[in-house]
Amino acid sequence: MTLTLKTGAILAAILLLSACSATQDRLDADSTAGPADAIAAGPLGDPADPTSVAYFNETIGDRVLFEVDQHTLTASGETVLAAQADWLSGNPEYSAIIEGHADEQGTREYNLALGARRASSVQNFLIARGVAPTRLRTVSYGKERPLAVCSDESCYRQNRRAVTVLDAGALGS
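What comes next is a walk through the structure. Predicted, not measured: the structure shown is a model, and the values here were computed from it.

## Things to note about helix α3 (residues 53–61)
- Burial in α3 covers these residues: Val 53, Ala 54, Phe 56, Ile 60 and Gly 61.
- Those residues of α3 hidden inside the fold are in contact with β1 (63–65), α4 (75–90), β2 (94–101) and β4 (161–168).

## Here's the deal with the pattern of salt bridges
- All told, the structure shown has four salt bridges when counted by the stated rule.
- Asp 62 is the salt-bridge partner of Arg 63, the closest N and O atoms lying 3.1 Å from each other.
- Arg 63 gets classed as partly exposed once you look at its relative accessible area, which sits at 31%.
- With relative accessibility at 14%, the residue Asp 62 sits in the buried group.
- Across the pair Arg 160 and Glu 153 runs a salt bridge, and its minimum N-O distance is 2.7 Å.
- On the basis of relative accessibility, which here comes to 3%, the residue Arg 160 falls in the buried class.

## Focus: the nonpolar core
- Ranked by internal contacts, the top residues of the largest apolar core, which has 21 residues, are Trp 87, Leu 88, Ile 98, Val 122, Leu 126 and Leu 166.
- Among the elements that take part in this core, α4 stands out by supplying five residues, more than any other.
- Those residues within four positions of Leu 166 in sequence are excluded, and the remaining contacts are Val 53, Phe 56, Trp 87, Leu 88, Tyr 94, Ser 95 and Ala 96.

## Observations regarding helix α5 (residues 108–128)
- The end-to-end C-alpha distance of α5 is 30 Å, a good match for the 30 Å that 21 residues give at a rise of 1.5 Å each.
- If you check which residues of α5 are buried, you get Asn 111, Leu 114, Gly 115, Arg 118, Ala 119, Ser 121, Val 122, Gln 123, Phe 125 and Leu 126.
- Against β1, α4, β2, β3 (136–142) and β4 lie the buried residues of α5.
- Once α5 finishes, Gly 130 follows within two positions and takes phi at roughly 105 degrees, a positive value.

## What about the state of the cysteines?
- One pass over the structure, following the stated rule, counts one disulfide.
- Paired through a disulfide, Cys 150 and Cys 155 show a sulfur-sulfur distance of 1.9 Å. Across the S-S bond linking Cys 150 and Cys 155, the dihedral sits near 110 degrees, which makes this disulfide right-handed.
- The class for Cys 150 is partly exposed, based on a relative accessible area of 27%.

Parameters at a glance
Residues numbered from 1 in each chain as written. Predicted model: local features only at pLDDT ≥ 70, side-chain atom pairs only at ≥ 80, totals over all residues. Heavy atoms only, no water. Buried < 20%, exposed > 50% of the residue type's maximum accessible area, 1.4 Å probe, protein only. Helix = DSSP H or I, 4+ residues; strand = E, 2+ residues; numbered from the N terminus. Contact = heavy atoms within 4.5 Å. Salt bridge = Lys/Arg side-chain N within 4 Å of Asp/Glu carboxyl O. Core = buried A, V, L, I, M, F, W, Y, C linked by side-chain atoms within 4.5 Å. Expected span 1.5 Å × (residues − 1). Disulfide = S-S within 2.5 Å.

This is the structure in structure tokens:
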């Protein structure tokens, strides 16, 4: 009986290994599948397509960060926004909603107002760079939608931001 169980276990292991090998052989034989095909384009498009939302978010950059209690743009923020303006100029089928955010310090009302000023700073920069005002809208979330949650500067820093969210189609006036 013990010999039969051992033999059965060995045969099961051999069958399992041969099934895995056959699956790998089929994958290796499909020469059209490459690394880019392994990651299918998601709902935001293909990150390799320079006209996709995924490309904008990952390559251009969809957010800028702010200093404590500030709504003025940093030099690095202006660099990101200049690239956003260029991308938006080259892709007129997209409009954008600019979300203003704040860290958890301060009152809800203060942070909503600060988020609005941050979103407006981004909007004004993009308009000054040639993006039509009718393609841009702002919204403030204040401290209501934190990216990172903790009572530490490392989290606060990530939450002091403005995010440019793309939308296909014009926004109307």
